[in-house]
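So the chains spell out like this:
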Amino acid sequence: MEPPGLNHWLVVSAMLFCIGAAGVVLRRNLLVVLMSLEIMLNAANLALVAFSRYGNGLDGQIFVFFVITVAAAEVAVGLAILVALYRLCGTVRVSDIATLKL
Amino acid sequence: MLVWTFWISFLGSAAVALLPSHWKSEVRWLALLFAALGLALGLWGWGAYDVEVGGYQLGNGEGVPWIPELGVRFRLGADGFSLPLVILTGVIGVTGVLYSWNIEERVNQFFALYLLLLGGVYGVFLSVDLFLLVVFYEIAIVPKYFLIAIWGSTRKEYGAMKLVLYSFAGGALVLLGLAGIAFAADPAARSFDLERLAATNFSSGFQAWAFPAFFLGFGILAGLWPFHTWAPTGHVAAPTAASMLLAGVVMKLGSYGCLRVAIGLFPGALGATVLGVPGFWRWTITVLAAMNILYGAMVALVQRDFKFVIGYSSVSHMGFVLLGLVTLNLWGLSGALLQMFSHGIVAGLLFAVVGRLVYDRTHTRELDELGGLGRAAPFTASVFIIGGLASMGLPGMSGFFAELLVLIGSWKAFAWVLIPVGIGMIVTVVYTLRTIHLAFFGAAPLVGGDWRGLPPITLPEKAASCFLAAILFLVGLYPTVLLSMMDRASQQFLDRVKQTVPVHLARP
Amino acid sequence: MNLSDLLPLLRFLAPEILLSALALGALLGEAALSRLLGVEKRQNLLGWLALLGLGACLVILGDQAARGETLALGRGAFVASPFNALLKTAATLAVMASVTMGLRAPFVRHVGENYALVLFSLLGMFFLLSAESLLMIFVALELTSLPLYALAASQKGARRSIEGGLKYLLFGGLSAAFLLFGISYVYGMSGQGSLAGLRDWLVAQRTAGGPGFLFLTGVCLMIVGLGFKIAAAPFHLWAPDAYEGAPLPAAAILASASKLAGIVVAARLLLGAFLPVAGNVLGSPLSWHAGWSPAVAALAVASLTVGNLAALAQRNAKRFMAYSSVAHAGNVLVAFLALDASGRPAALAAPAIAYYAVIYALTNAGVFAAIHALAWGARGDDFADFRGAARRAPFPAFFLLIFLLSLAGVPPMAGFFGKLFLFMAALQADATHWGLAWLVAYALAMNVVALGYYLRFARVLWVEPAEDLRPISTPLELRVALVALALLVLGLGVFPSSCLAAFRTMGGVLLLRG
């Protein structure tokens, strides 16, 4: 069995991205939606690391460090807003936040 | 010094707006002062303009660069086309203030918007740079909305919005053409100077789409059929002074743009072959103008609302202007110019009578409900009859020469058009007489009594009415007072245009 | 590297350093003063300090612009140029208006944090406006957005604020994910991290068989991410809710400075780095060339349509402004397409986009400041709450009218010239064949609709009668802000070439350093 190459990693990353996107669109629980967003970011991380590993130098891996930090910050803000929402409305379900129209 | 007209109006607008709203009489006098200053400057310009030399005069020479990246210059001036219209604007401006003396609500805002509109109109007439002209044109749109929507009557918000959107749509077409012109010529010689553009030979392909964009864009404002529908609703909804300005001056803004920009810059398009028809645009516009005259008169004939009669009569009369423009001969062109001036005064007078002297006092404009007003208000009746006769084109009144010249011009250019135009003129006589009869002489209506006890006509109203009527007679009896400079300008215009238009279209 | 080498760097980085210090200072100030002073006093004190600091920033930026020196660090990671300094000045002015609005906002309890968030967001915009590398663009974009999510949701007692903030966060996060995934492909296929490097690589690929499918997928994903950022339809769904939910000072930043930064970064990426794969949309669809142009043209047409038509139906002033913002995204995208058949952008395109972004930011800051002043005495921010407001508060109502007319494109306000330059740029691109006339004609037609709805809002203020006649007093600092913004909008309108010339001589959006 040959070792996995760049294309394998890219396929995995694309699949992760699609799974994340589907989660954001389809899931009803806001916590899960936030997690799906993280999956999408990590899909990009995987692609960056893979590209970096297979020939493009270290830039991509440095990039990933920044992305991980930024993603953590994003989750922090997201969770804070979720907590505020839960305190106010007692819910974290997408279907319950329809005060504002689309 | 002439260029101060619009600065003074803008300044007046700001000054009036800053006065507290309860200083009503101060506001009125100040507005009158600024409007009168504009008229005085216009008259000074009329005296100072050298007819023999012709061309642009009294401006700021070659102007100053404004947006050098695009070759836009701040250049102003007046010639035989624009100077009479500047004077017209001044006359309507002053009389409009006099007829608005009774406005009590938000006086300062009313006159501020009014003077802003006046300034924009002056600016359009005085611009020698196309870009500048368009800027002033757009400035003049928005005040109309508020004048109508706040102080108007009958479906005022609908009328105001319709009017503004039509004007802005016309403006959008003009902007499209303007942006096109910027890149039609050699980038090194990029300029919007109307004199230089007029000397440029645009490619026939460019003319073929730029001409309709400009003519339609400005034509909407001139009430070109079938884009005229904003005019009657807008005029009816507007307060008196605004209807006077709209019908008297703003519609002329449109026809002025048609002449100065569309025909002036792209005369070749008039004779060009489009869709296999030689002279397609000239034919189309002639037919549309004839429709203006005939359709406007017919519709005016069946109106029940006094103000709608005048509104549609304006559409009808603007047909003469547009018809005169496309004849491309001296008679037609001078006639169109004289008609612009004459109809400006006539429309101002008629709208003043209907809006101020009749409606503000009787609170009805239904012709069925008026009737017998002549006995109770003889001054109103006489003024309206003078205006009505001038509108019919009676000899001795300003309309006579104007329409006669247009008729001669169109006889030379396309004789067949005289049939619908003639019918239209007969209908004009009928509806004017019908209106005079119904409103002033018919039996007094049952509901309104015999109209005794109407508020008397005030001094400002009398002064303004007499002033307008006097101008009608002056221009009617001695048209040379304006016609000399119009003729000179038209002659120079035709000399230039003839080089680009096929000879058979521009025969004398 | 010794100290004397660092000093010039400090001069170029001074605005960013000052801003970071200010933001941290606001946090510390809150911590130090929270026991000593009441909320309102802290709000005033810290707010004025922030304004003072931002004023100092303006001075430094003005100095940078006047010196005319350019510094590029780390392969485009940070480029300080006079052009960027002008853009940053506009963003700072808009944020100053927002801070002024917030000086007396009653809903905030943790005032220091609030100011710190505003300042951090501005810091993100500074970096974004200076960024010419993919990494910095991503990080700066997030630094801009994260504080804005929190600000949008900062009215914690109001459900619509939390919900609006949450929607903004979710859509923002989605956009970041798309952008990042796109970046990963773009970086991976080219191996280039800087925009200049990307462009050179793309030019080189012309002879080497094209950049490849994956690269173009990455570009498309990035366009989706940028579309979210500048609220171009169909990626605008967050905007109405976020605008409506956010407190007015926060909404003002969303609509002005954040949008400015988004437009500039989109222009840098598309017209700068990805120019060689632009394609074009000249003439009939049959003669179009593949590239990002058709996609951006679709965004432009969709934004013009959705923004303008949906704005007609709005009843809430903030939602209305959100759709207006979508429509303006459509306007500005028109100039992105100003490329001739060989892919060269029109000379006017870059200055026109920059000019538009600047005046749009200033005008929108003015609109929100004026709405804020009027909302002082109103129950809410629906149109119905502003009925006859001109009688109650003529001063802000007059300025609101000026700003609305500028957005509608009425001269002599700057909005007219902004739109005109955008459309002129589009026509200039293929001047001999009028290839983009279809798009410009459509945009002009939609702008006629736009005048209709801006006048509808103006009518509510100026024409309709007031039910409640109590006058609304406007605080002095807000008056000053309104006058200053109006003077800028009028001044840049009457003298557009002051700005245009600066943008041209200082290097347009396209001038990349690397």
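Residues numbered from 1 in each chain as written. Chains lettered and ligands numbered in written order. Predicted model: local features only at pLDDT ≥ 70, side-chain atom pairs only at ≥ 80, totals over all residues. Heavy atoms only, no water.

J.: How would you explain the overall build of chain C if you had to name every residue and give the values?
T.: Across its full length, chain C carries 20 helices and two strands. On C-alpha atoms alone, chain C measures out to a radius of gyration of 22 Å, which is about the 24 Å that the 2.2 N^0.38 rule sets for 514 residues. Expressed as lengths along the three principal axes of its C-alpha atoms, the size of chain C is roughly 70 × 60 × 40 Å. Within chain C, the proportion of its 514 residues that are buried is 68%. Considering only contacts in chain C between residues 6 or more positions apart, those separated by 24 or more positions represent 79%. (Helix = DSSP H or I, 4+ residues; strand = E, 2+ residues; numbered from the N terminus. Rg over C-alpha atoms; globule rule 2.2 N^0.38 Å. Buried < 20%, exposed > 50% of the residue type's maximum accessible area, 1.4 Å probe, protein only. Contact = heavy atoms within 4.5 Å.)

J.: I'd like a description of the arrangement of the chains, backed by residues and values.
T.: Where two pairs of chains are in contact, the pair with the most contacts is made of chains A and C. With respect to C-alpha atoms, chain A approaches chain B no nearer than 29 Å, and the pair has no contact.

J.: Describe the interface of chain C and chain B, listing the residues and the values that go with them.
T.: In this complex, chain C contributes 37 residues to the contact, which on the side of chain B involves 36 residues. Taking both sides of the interface into account, the surface hidden between chain C and chain B amounts to around 3,100 Å²; carbon and sulfur atoms contribute 80%. There are two salt bridges connecting chain C and chain B. Elements that contribute at least two residues to the side of chain C that touches chain B include exactly α16 (394-408), α17 (414-429), α18 (437-462) and α20 (496-505) of chain C. (Buried area = accessible area lost by both parts, 1.4 Å probe. Salt bridge = Lys/Arg side-chain N within 4 Å of Asp/Glu carboxyl O.)

J.: Account for the interface of chain A and chain C, naming residues and giving values.
T.: Contacts between chain A and chain C engage 43 residues on the former and 42 residues on the latter. Between chain A and chain C, roughly 3,800 Å² of surface is buried when both sides are summed, and carbon and sulfur atoms account for 78% of that area. Summed over the shared surface of chain A and chain C, the result is zero salt bridges. At the boundary of chain A and chain C, one finds one residue pair in polar contact (both at pLDDT 80 or more). At 16 residues, the largest contribution of residues to the side of chain A that touches chain C is made by helix α3 (residues 59-89) of chain A. Split into classes, the residues belonging to the side of chain A that touches chain C amount to 31 nonpolar, eight polar and four charged. (Polar contact = N/O pair within 3.5 Å; in protein donor to acceptor, adjacent residues only side chain to side chain. Nonpolar A, V, L, I, M, F, W, Y, C, P; charged D, E, K, R; others polar.)

J.: How would you explain the state of the cysteines if you had to name every residue and give the values?
T.: Residues and elements named next belong to chain C. Evaluation of the coordinates by the stated rule reveals zero disulfides over all chains. No disulfide involves C57; its nearest neighbouring cysteine sulfur is the one of C499, lying 19 Å away. On the basis of relative accessible area, C57 is assigned to the buried category, the value being 0%. (Disulfide = S-S within 2.5 Å.)

J.: Summarise the pattern of salt bridges; cite the residues concerned and give the values.
T.: Tallied over the full model, the rule gives 24 salt bridges over all chains. Two residues, E104 of chain B and K24 of chain B, come together in a salt bridge whose shortest N-O distance is 3.3 Å. Of the two residues, E104 of chain B is situated in the loop between α3 (82-99) and α4 (107-126) and K24 of chain B in helix α2 (residues 24-48); the sequence distance between them amounts to 80 residues. A relative accessible area of 28% places K24 of chain B in the partly exposed class. Here D340 of chain C and R344 of chain C are joined by a salt bridge, their closest N and O atoms 3.2 Å apart. Taking relative accessible area as the criterion, D340 of chain C reaches 12% and is therefore assigned buried. When salt bridges that share partners are traced, they join R160, K167, D241, E244, K318, R319 and D381 of chain C into one network.

J.: Let's hear about α3 of chain A: which residues, and what values?
T.: Here α3 of chain A contains 31 residues, and its C-alpha end-to-end distance of 44 Å stays within 8% of the 45 Å for a straight helix at 1.5 Å per residue. The positive-phi residue at the C-terminal boundary of α3 of chain A is G90 of chain A, with phi of around 70 degrees. (Expected span 1.5 Å × (residues − 1).)

J.: Describe in detail the packing of aromatic side chains, supporting the description with residues and values.
T.: One pass over the structure, following the stated rule, counts 61 aromatic pairs over all chains. For the pair F110 of chain B and Y114 of chain B, a centre-to-centre distance of 6.2 Å together with 10 degrees between the ring planes defines the contact as stacked. Placement of both F110 of chain B and Y114 of chain B in helix α4 is noted, with a separation of four residues, approximately one turn of the helix. By the burial criterion, F110 of chain B is buried, and Y114 of chain B matches it. For the ring pair Y356 of chain C and Y360 of chain C, a centre distance of 6.2 Å and an interplane angle of 15 degrees mean the geometry is stacked. Of this pair, Y356 of chain C and Y360 of chain C both sit in helix α14 (residues 349-375), four residues apart, roughly one helical turn. Per residue, the accessibility class of Y356 of chain C equals that of Y360 of chain C, and both read buried. Each member of the aromatic cluster is reached from another via a ring pair, and the members are W66, F131 and F192 of chain B together with Y355, F416, F417 and F421 of chain C. Residue placement shows K88 of chain C over the ring face of F126 of chain C; its charged tip is 5.7 Å from the ring centre. Sitting above the plane of the F395 of chain C ring, R479 of chain C keeps its charged end 4.6 Å from the centroid. (Phe/Tyr/Trp six-rings, centres within 6.5 Å; stacked < 30°, edge-to-face > 60°. Lys NZ or Arg CZ within 6 Å of the ring centre and 35° of its normal.)

J.: Please set out unusual backbone geometry residue by residue, giving values where relevant.
T.: The step from A233 of chain C to P234 of chain C runs through a cis peptide bond, and the omega angle for that step is 0 degrees. Summarising the element assignment, P234 of chain C is placed in the loop between α8 (213-229) and α9 (238-245). Not every positive phi belongs to a glycine, and L328 of chain B is a case in point at roughly 55 degrees. Phi is positive for A231 of chain C, which is not a glycine, with a value near 60 degrees. Note on placement: A231 of chain C falls in the loop between α8 and α9.

J.: How would you sum up the nonpolar core? Please name residues and give values.
T.: Among the nonpolar cores identified, the biggest contains 451 residues, and L130, F131 and F146 of chain B together with F274, W292, F386 and M424 of chain C are the most heavily contacted of them. With 21 residues, the single largest contributor to this core is α14 of chain C. Those residues in contact with F386 of chain C that sit more than four places away from it in its chain are A317, I371, L374, A375, A378, G380, D381, F457, V460 and L461 of chain C. (Core = buried A, V, L, I, M, F, W, Y, C linked by side-chain atoms within 4.5 Å.)

J.: An account of the packing of helix α3 (residues 82-102) of chain C against α14 of chain C is requested, with residue identities and associated values reported.
T.: Residue and element names in this part refer to chain C. Relative to each other, α3 and α14 sit at 5 degrees, their axes nearing to 9 Å. By the angle between their directions, the pair α3 and α14 is classed as roughly parallel. Across the interface between the two elements, F83, L87, A90, L93, A94, A97 and M101 of α3 pack against A354, V358, A361, L362, A365, F368, A369 and H372 of α14. Looking at the contact of α3 with α14, its residues break down into 14 nonpolar, one polar and no charged. (Axes fitted to C-alpha atoms, helices over the stretch in contact; angles between N-to-C directions. Parallel < 35°, antiparallel > 145°, perpendicular 65-115°, else oblique.)

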